[in-house]
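Geometric and topological summary
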Amino acid sequence: MWHKGVKRVVLGLFLLSLTPRIALAVADYVLPYPGLMPGNKLYRIEQVFDRLYRPWVFGNFSRHQYELGLADKKLVEAKVLFEYRQYLLGSIALKDANGHFQKARFYLERAGKEGKDISQKTTNLQAAAEKHREVLQRLKEQLPEEFIWRPEKGEATELNLKLMLEEAINIREI
Amino acid sequence: MRFRLILFFYTIIYIALAVFSYGFIDPNFPYQAPRTLHRLVYYQRPLTTIIYLIIVGGLFCLYGWVLKGVKRRKLNSKKIWKLVFLSVVVLFFAFPAFSYDILNYIATAKVAFFYRENPYLVMPIEFVGEPMLEFMHAANKITLYGPFWILFTGLPYLIAGNWIWGNVFSFKALVVAFYLGLSYLIWRLSKKSAFSLAFFALNPLVILETLVSAHNDVVMMFFALLGFHLLFQKKRAWSFLSLLVSAGIKYATVILLPLFIFSRWLKKEQIALLSFWALFLVFCLAPFREEIYPWYVIWLISFAALVPERRFIFWLTIALSLGTLGRYLPFLYTRSWEGMTPMVKWWVTVLPPAIVALAFLRPMLAEKFLRDESRH
């Protein structure tokens, strides 16, 4: 008899677990999901597409958005590569992300000089910078300070990961 | 005498329509309509609906009268052109009452030519402090139109600068110029038929959506028909270029490409017929993207005018014109796009063409039934 009671309680709890719950989630700035990674056959094609797309992007607001989008994409790519201990590829992606972030900032400043109101976009850029720094800070805690990358063929490359990450964080100080 | 009477009634209705249109000015627009008009449209909704019905009904009655007159050879092309110019002269001064699209055209031109940004990537809402944001209704959308349309809008925008009234009227002038151009093309393609000219240029939907609301569909259709005109003159390269410009305005006419390619094996009438049905297909697919807008019927009227002897197409086009103009009624009555409005919009759109379809199908079915009976 008591088995039935237990069954009902368990079933009730299970059904209760299916009901929607309210949770607070803070997402000031959302980074994209990782896309194609180096090694994937389509990775090169995607890079070519990104470059071909560039002339279509005219105007300082458009270019700012385009560069910020690429900065986000490359940062996520770098994060995944570092987490998989692909330090050389990760550092290349991080350098790209730095370049795109600097360009995003440059185009926004240029839009400001044109007389456009850049207050909203500056707030967005600050949120992006904060999110980027958060990711970089976490990587800094996880990764070794230095690493020597020895490929099967060719010369070894010395990677000062700590310095690299600190530089990336500095670039994103607004 | 008869023509003078038509002219008189058209003048009266057009002036009434032009005055009535100013009641629709958005409350946030920098220039306001006289209070009485504003109150009428925004607060005396049943009366507004009745006035709209009277205007549209009056236009349809006159349209029928004119078409009958042309058929009985009492009205010639010259007289129809007079009516067309009367429509242009009076309604050019009407406010774009029934749609905010003209404001989207202006905003897109401003994004491209004033802010020098790509309107396919940047929305008007991104320009903080932009005065147009107070009264435009699609600020959170990137442009929906093709690149050729954006290039065309450069001219009226550069003439008017940032003066909103100047822009409204310079954009209307652009659309009106293409309305006249399209009317002329239809007249030429139909071997200067007064009936074809009247069927297109005086159709109440064309009048309201082009001369009042200034929709760019006439620009797209002008280049599509110009393409056919060039094709019939054996200027194939120019005709393809014209179709490219047409599709680069609002995309819909891209469906005509196969007809351009296979035009050698088709007769003129077949091309017009197939073009009508191809655009009818795009028209029917519109709800999958957004909804059926009244001004899409302009695509169909442009080709239907070239085959006026096809009775089913003739009546179907008129029914669609009537039905889609009825789509404004529930909004005018309730000033809401919610509630019963979508249902009423659906019924008023579907009912007139359904009645036409039934009226044409019934004799056909009856004939088939009688034939089957006689066999037994």
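For the structure, see preceding data.
Residues numbered from 1 in each chain as written. Chains lettered and ligands numbered in written order. Predicted model: local features only at pLDDT ≥ 70, side-chain atom pairs only at ≥ 80, totals over all residues. Heavy atoms only, no water.

Focus on the pattern of salt bridges
Residue and element names in this part refer to chain A. Under the defined criterion, the tally for this structure stands at 19 salt bridges over all chains. A salt bridge links Lys 74 to Glu 77, with the shortest nitrogen-to-oxygen separation between them at 3.5 Å. Of this pair, Lys 74 and Glu 77 both sit in helix 3 (residues 60–83), 3 residues apart, roughly one helical turn. Overlapping salt bridges, with partners in common, bring together Glu 46, Asp 50 and Lys 73 in one network. (Salt bridge = Lys/Arg side-chain N within 4 Å of Asp/Glu carboxyl O. Helix = DSSP H or I, 4+ residues; strand = E, 2+ residues; numbered from the N terminus.)

Some points on helix 6 (residues 161–171) of chain A
All names here are of chain A. Listing the buried residues of helix 6 in full gives Leu 161, Met 164, Leu 165, Ala 168, Ile 169 and Ile 171. Along the axis of helix 6, the buried positions cluster into a sector of 160°, meaning they face one direction only. Exposed residues lying more than 90 degrees from the buried face of helix 6 are Leu 163 and Asn 170. Summarising the contacts, the buried residues of helix 6 are in contact with helix 3, helix 4 (87–113), helix 5 (119–142), strand 1 (147–149) and strand 2 (157–159). (Buried < 20%, exposed > 50% of the residue type's maximum accessible area, 1.4 Å probe, protein only. Arc of directions from axis to C-beta. Contact = heavy atoms within 4.5 Å.)

Details of a nonpolar patch on the surface
Residues and elements named next belong to chain B. Among the surface-exposed residues, Tyr 333, Met 340, Met 343, Trp 346, Trp 347, Val 350, Leu 351 and Ile 355 lie close enough to one another that they form a single nonpolar patch of about 830 Å² accessible area. Ranked by the residues each element gives to the nonpolar patch, the list is headed by helix 17 (residues 341–375), at 6 residues. Relative to the helices and strands, Trp 346 resides in helix 17. Owing to a relative accessible area of 49%, Trp 346 belongs among the partly exposed residues under this scheme. (Patch = residues over 30% accessible without salt bridge, like charges linked within 9 Å, V, L, I, M, F, W, Y side chains within 5 Å. Areas by Shrake-Rupley, 256 points an atom, 1.4 Å probe, with all protein chains shown as cover.)

Describing the packing of helix 4 of chain A against helix 6 of chain A
All names here are of chain A. It is at 10 Å that the axes of helix 4 and helix 6 come closest, and there the two elements cross at 15°. When the axis of helix 4 is compared with that of helix 6, the two are roughly parallel. Regarding helix 4 and helix 6, the two cross each other, and that crossing is left-handed. Contacts between helix 4 and helix 6 involve Tyr 87, Ser 91, Leu 94, Asn 98, Phe 101, Gln 102 and Arg 105 from the former and Leu 161, Met 164, Leu 165, Ala 168 and Ile 171 from the latter. Of the residues assigned to the contact of helix 4 with helix 6, the class counts are 8 nonpolar, 3 polar and 1 charged. (Axes fitted to C-alpha atoms, helices over the stretch in contact; angles between N-to-C directions. Parallel < 35°, antiparallel > 145°, perpendicular 65-115°, else oblique. Left-handed = near helix turned anticlockwise from the far one by under 90°. Nonpolar A, V, L, I, M, F, W, Y, C, P; charged D, E, K, R; others polar.)

Remarks on the side chain of Ser 99 of chain B
By secondary structure assignment, the location of Ser 99 of chain B is in the loop between helix 4 (77–91) and helix 5 (101–114). One polar contact links the side chain of Ser 99 of chain B to the main-chain amide nitrogen of Asp 101 of chain B, over a distance of 3.0 Å. (Polar contact = N/O pair within 3.5 Å; in protein donor to acceptor, adjacent residues only side chain to side chain.)

What to know about the nonpolar core
Counting 132 residues, the largest nonpolar core has Tyr 10, Val 66, Ile 80, Phe 98, Phe 200, Leu 202 and Leu 256 of chain B as the members making the most contacts within it. Among the elements that line this core, the one with the most residues is helix 7 (residues 164–189) of chain B, at 15 residues. (Core = buried A, V, L, I, M, F, W, Y, C linked by side-chain atoms within 4.5 Å.)

Concerning the packing of helix 10 (residues 217–232) of chain B against helix 11 (residues 236–250) of chain B
Describing two packed helices takes the angle between their axes plus the distance from one axis to the other. All names here are of chain B. At their nearest, the axes of helix 10 and helix 11 sit 8 Å apart, and the two run at 165° to each other. With respect to their mutual orientation, helix 10 and helix 11 come out roughly antiparallel. As for the relative orientation of helix 10 and helix 11, their crossing is left-handed in sense. Residues Asp 217, Val 219, Met 220, Phe 223, Ala 224, Leu 226, Gly 227, Leu 230 and Leu 231 of helix 10 touch helix 11, and the partners they reach there are Arg 236, Trp 238, Ser 239, Ser 242, Leu 243, Val 245, Ser 246, Ile 249 and Lys 250. Residue composition of the contact of helix 10 with helix 11, grouped by class: 11 nonpolar, 4 polar and 3 charged.

Structural notes on the interface of chain B and chain A
Listed as interface residues are 11 residues of chain B and, on the opposing side, 13 residues of chain A. For the pair chain B and chain A, the summed buried surface comes to about 1100 Å²; carbon and sulfur atoms form 54% of the total. Of all residues in chain B, the largest losses of buried area upon contact with chain A belong to Glu 117, Leu 121 and Val 128 of chain B, amounting jointly to 47% of the total for that side. Connecting chain B to chain A are 2 salt bridges. (Buried area = accessible area lost by both parts, 1.4 Å probe.)

Describing helix 4 of chain A
In a regular helix each residue adds 1.5 Å, so 27 residues correspond to 39 Å; helix 4 of chain A covers 39 Å between its end C-alpha atoms and thus fits that length. Directly after helix 4 of chain A, the chain includes Gly 115 of chain A, whose backbone phi takes a positive value near 100°. (Expected span 1.5 Å × (residues − 1).)

A closer look at the packing of aromatic side chains
Applying the stated criterion across every chain yields a total of 61 aromatic pairs over all chains. Arranged with centres 6.3 Å apart and planes meeting at 40°, the rings of Tyr 22 of chain B and Trp 165 of chain B form a pair that is tilted. Of this pair, Tyr 22 of chain B sits in the loop between helix 1 (2–21) and helix 2 (35–43) while Trp 165 of chain B is found in helix 7, placing the two residues 143 residues apart along the sequence. Summarising the aromatic geometry, the rings of Phe 228 of chain B and Phe 260 of chain B are spaced 4.5 Å apart at their centres and angled 35° between planes, so their arrangement reads as tilted. Here Phe 260 of chain B lies in helix 12 (residues 257–261) and Phe 228 of chain B lies in helix 10, a separation of 32 residues in the sequence. Using a relative accessible area of 0% as the deciding quantity, one classes Phe 260 of chain B as buried. Geometry around Phe 61 of chain A places Lys 121 of chain A over its ring, the cationic atom sitting 4.9 Å from the centre. Above the plane of the ring of Tyr 42 of chain B lies Arg 335 of chain B, whose end atom (NZ or CZ) is 4.2 Å from the centre. (Phe/Tyr/Trp six-rings, centres within 6.5 Å; stacked < 30°, edge-to-face > 60°. Lys NZ or Arg CZ within 6 Å of the ring centre and 35° of its normal.)

Examining unusual backbone geometry
What is expected of a backbone is that most residues other than glycine have negative phi and most peptide bonds are trans. Residues and elements named next belong to chain B. With phi around 55°, Lys 191 is a residue other than glycine that occupies positive phi space. You can see Lys 191 is positioned in the loop between helix 7 and helix 8 (194–201). For Ala 214, which is not glycine, the phi dihedral falls at a positive 55°. By the secondary structure assignment, Ala 214 is in the loop between helix 9 (204–212) and helix 10. Note on Ala 214: relative accessible area 1%, which makes it buried.

Some words on the environment of Leu 361 of chain B
In this fold, Leu 361 of chain B is placed in helix 17. Along the sequence, Leu 361 of chain B and Gly 166 of chain B sit 195 residues apart, while their C-alpha atoms lie 50 Å from each other.

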